[in-house]
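Next come the chains, spelled out residue by residue.
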Amino acid sequence: MSDVLVIGAGAAGLMAAGAAACSGHSVTVLERNERPARKVTLTGKGRCNVTNSCAELPELIAAVPVNGRFLFSAFSRFMPSDTVAFFEDLGVPLKTERGGRVFPESDKAADIADALCRYAVRSGAKIVTARAKELIISGCCVRGTMSEDGRTFSANAVIIATGGLSYPATGSTGDGYELARQAGHSIVTPKPSLVPLNAHEGFCSRLMGLSLRNIAVKVYDNEKNQLIYTDFGELLFTHFGVSGPVILSASSHMRDMKRGRYVISIDLKPALNHEKLDARILRDFSENANKNFINALNSLLPKKLVPVVVGLSGIPAATKTNQVTREQRARLAELLKDFRVTVTGFRPIDEAIITSGGVDVAEIDPRTMESKLAKGLYFAGEVIDADAYTGGYNLQIAFATGRLAGFAV
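Fair warning: this is a prediction, and the values are worked out from it, not measured in the lab.

The rules we used
- Residues numbered from 1 in each chain as written.
- Predicted model: local features only at pLDDT ≥ 70, side-chain atom pairs only at ≥ 80, totals over all residues.
- Heavy atoms only, no water.
- Helix = DSSP H or I, 4+ residues; strand = E, 2+ residues; numbered from the N terminus.
- Expected span 1.5 Å × (residues − 1).
- Buried < 20%, exposed > 50% of the residue type's maximum accessible area, 1.4 Å probe, protein only.
- Contact = heavy atoms within 4.5 Å.
- Polar contact = N/O pair within 3.5 Å; in protein donor to acceptor, adjacent residues only side chain to side chain.
- Pairing = 2+ DSSP bridges.
- Right-handed = clockwise from strand over helix to strand, strands pointing away.
- Salt bridge = Lys/Arg side-chain N within 4 Å of Asp/Glu carboxyl O.
- Axes fitted to C-alpha atoms, helices over the stretch in contact; angles between N-to-C directions.
- Parallel < 35°, antiparallel > 145°, perpendicular 65-115°, else oblique.
- Left-handed = near helix turned anticlockwise from the far one by under 90°.
- Nonpolar A, V, L, I, M, F, W, Y, C, P; charged D, E, K, R; others polar.

A.B. asks: Quick question: what am I supposed to make of helix α1 (residues 11-22) here?
C.D. replies: It helps to recall that an α-helix has 3.6 residues per turn; residues three or four apart then point in one direction. Look at α1: 17 Å from first C-alpha to last across 12 residues, which is about the 16 Å you get at 1.5 Å a residue. Counting buried residues in α1 gives 11 out of 12 residues, a clear majority hidden from the surface. Within α1, the full set of buried residues consists of Ala11, Ala12, Gly13, Leu14, Met15, Ala16, Ala17, Gly18, Ala19, Ala20 and Ala21. Downstream of α1 by one or two residues, Gly24 has phi in the positive range, about 100°.

What follows is the structure, given as structure tokens:
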């Protein structure tokens, strides 16, 4: 029998296990995979965006659009600066890149995963390969779990840190939701977040692989007739629609998805207002006075995008540049400043970076991460209904809630 049983050896679970063991508890971690922290090794395209360098608590909470205020206590006790110090003390030097994104200097996510495992094991936690299947509940108290292969793991407290439904190949298949339900918890329906988007326009597949950097986007909700999100950064066209950092963040603002409800407006030239853009177009046209319209845009746009823009502009491709009218130029400039993509839906949840939804935070004590329904039951990480934008914020949630639960046991 252990004092503390942690279910899930991911970012939140290993942090919770190490914290509980540092407090003098005997700790057992159950992990269904042979190798702990598999999802950590995949984050940030294998580089692991470990946290964000934002220094102020309100800024951190604002980066969590779903139940950010619930995390006030967890974040107050473990800020991004604490995360940086934690990993550097474990021998993993970090660096800060654009947008405050913090990565290991090695650019190897495995260094973060290995450091978390070292922390848990050196603190005294024992990692066992097993899949938790059923909570052991006595009265209103959780006292351990039964594993899939019939073993009993008894404990005075159980911390569920199994993740959500994203990256199912790493073991995130919703086990924590079922365990929570056994203790009477409500589950907010899981959906993909930080996920690529399907689009209506056929030109997306023609643009597949094209990455647009330093563009601005606005997302409109047609149902509510309002602007819901703006961003600046990188976008990627795919065979199904759009992806990239600005799209992943935008997806977390979309609720009750319906075909055509959301429209993304892309400003391809955010550094130029309409007047300056028109002057730029005129200059390019004058430098290509004897060329067809379709051959005069190569210095203005990526080659792959040119035929798409020409088609959408309504200007015949063979029009000589000196025959393009002022009205046609105005339409072209408007298209470059408001290049629209109509969203038809989210990509499947197994393509999402994180899961939105999970254990209802109204049933969790934010000061300890303990269940309000079952004594001795705690939650940490993505299994909780709290998710943030891309940029290192979601791992910060995992570390902060895991640490809080581990020390609160």
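That shown, we press on.
A.B. asks: Explain the environment of Lys258 to me, please; I cannot follow it from the model alone.
C.D. replies: As for its placement among the helices and strands, Lys258 is situated in the loop between α9 (245-251) and β15 (262-267). In sequence terms Lys258 and Arg77 are 181 residues apart; their C-alpha atoms lie 39 Å from each other. When sequence neighbours within four positions are dropped, the list of residues in contact with Lys258 reads Glu223 and Val343. At 3.0 Å, the side chain of Lys258 and the side chain of Glu223 are in polar contact.

A.B. asks: Help me out: how do you make sense of the sheet that holds strand β5 (residues 101-104) in this one?
C.D. replies: Picture the strands of a sheet paired through backbone hydrogen bonds; they go either parallel or antiparallel. Overall, antiparallel pairing links the 3 strands, which are arranged β3-β5-β4 in an open sheet. Either end of the sheet is taken by a strand with one partner, and the two such strands are β3 (51-52) and β4 (94-96). Relative to β5, β4 is paired through 3 bridges, and the arrangement is antiparallel. Following the sheet pairing, Lys95 is matched in β5 by Phe103.

A.B. asks: Help me understand the side chain of Ser193, please; the structure alone is not making it clear to me.
C.D. replies: Within the element layout of this structure, Ser193 appears in strand β10 (residues 187-193). Assessed through its relative accessible area of 1%, Ser193 is described here as buried. At 3.2 Å, the side chain of Ser193 forms a polar contact with the side chain of Asp387. Non-local contacts of Ser193, meaning those with residues more than four positions away in its chain, are made with Ser251, Ser252, Ala352, Ile353, Ile354, Ser356 and Asp387.

A.B. asks: What's the story with the pairing of strand β1 (residues 2-7) in this structure? I'm lost.
C.D. replies: Where a strand is regular, its side chains alternate between the two sheet faces. Counting buried residues in β1 gives 5 out of 6 residues, a clear majority hidden from the surface. When β1 meets strand β9 (residues 152-160), the two strands line up parallel, connected through 5 bridges. Each residue of the ladder has a partner; that of Val4, found in β9, is Ala157. Both β1 and strand β2 (residues 27-31) contribute to a ladder of 4 bridges, which runs parallel. Within β2, the residue paired with Ile7 across the bridge is Leu30. Crossover handedness for the path β1 to α1 to β2: right-handed.

A.B. asks: What am I meant to see in the environment of Ser205 here?
C.D. replies: Position of Ser205 among the secondary structure elements: in helix α8 (residues 203-206). Overall, Ser205 belongs to the partly exposed group, its relative accessible area being 38%. If we ignore the near neighbours within four places in the chain, the residues touching Ser205 are Thr238 and His239. Separated by 2.9 Å, the side chain of Ser205 and the backbone oxygen of Gly202 make a polar contact.

A.B. asks: Help me understand the environment of Arg255 in this model?
C.D. replies: Relative to the helices and strands, Arg255 resides in the loop between α9 and β15. A relative accessible area of 30% places Arg255 in the partly exposed class. Expressed as a C-alpha distance, the spacing of Arg255 and Asp221, which sit 34 residues apart in the sequence, is 9.8 Å. The contacts of Arg255, once residues within four sequence positions are left out, are Val66, Lys191, Arg261, Tyr262 and Ser356.

A.B. asks: Can you help me understand the pairing of strand β8 (residues 141-147) in this one?
C.D. replies: Of the pairings in the sheet, the one linking strand β7 (residues 132-138) to β8 comprises 5 bridges and is antiparallel in character. Bridged to Glu134 within β8 is Met146. Both β8 and β9 contribute to a ladder of 3 bridges, which runs antiparallel. Bridge pairing in β9 links Gly144 to Ser154.

A.B. asks: Could you clarify how one ought to interpret the pattern of salt bridges in this entry?
C.D. replies: Note on pairing: side chains with opposite charge can pair once their charged atoms come close. Taken as a whole, this structure holds 18 salt bridges when the rule is applied. Residue Asp175 pairs with Arg131 through a salt bridge whose shortest N-O separation is 2.8 Å. Here Asp175 is found in helix α7 (residues 175-182), whereas its partner Arg131 is found in the loop between β6 (126-129) and β7, with 44 residues between them in sequence. Looking at Asp175, the relative accessible area reads 16%, which means it is buried. Asp278 serves as the salt-bridge partner of Arg329, at 2.9 Å between the closest nitrogen and oxygen. Taken together, the residues span a long stretch of sequence, with Arg329 in helix α12 (residues 326-337) and Asp278 in helix α10 (residues 274-287) at a distance of 51 residues. Among the residues examined, Arg329 registers a relative accessible area of 11% and is labelled buried. Overall, Asp278 belongs to the partly exposed group, its relative accessible area being 22%. Members of the salt-bridge network, linked through shared partners, are Arg32, Arg131, Glu148 and Asp175.

A.B. asks: How do you make sense of the packing of α1 against helix α13 (residues 393-408) when you look at a structure like this?
C.D. replies: The N-to-C vectors of α1 and α13 enclose an angle of 30°; their axes lie 7 Å apart at closest approach. Looking at the two axes, α1 sits roughly parallel to α13. Between α1 and α13 lies a crossing of right-handed hand. Residues Ala11, Ala12, Met15, Ala16, Ala19, Ala20 and Cys22 of α1 pack against Leu395, Ala398, Phe399, Gly402, Arg403, Gly406 and Phe407 of α13. Its residues assigned to classes, the contact of α1 with α13 comprises 11 nonpolar, 2 polar and 1 charged.

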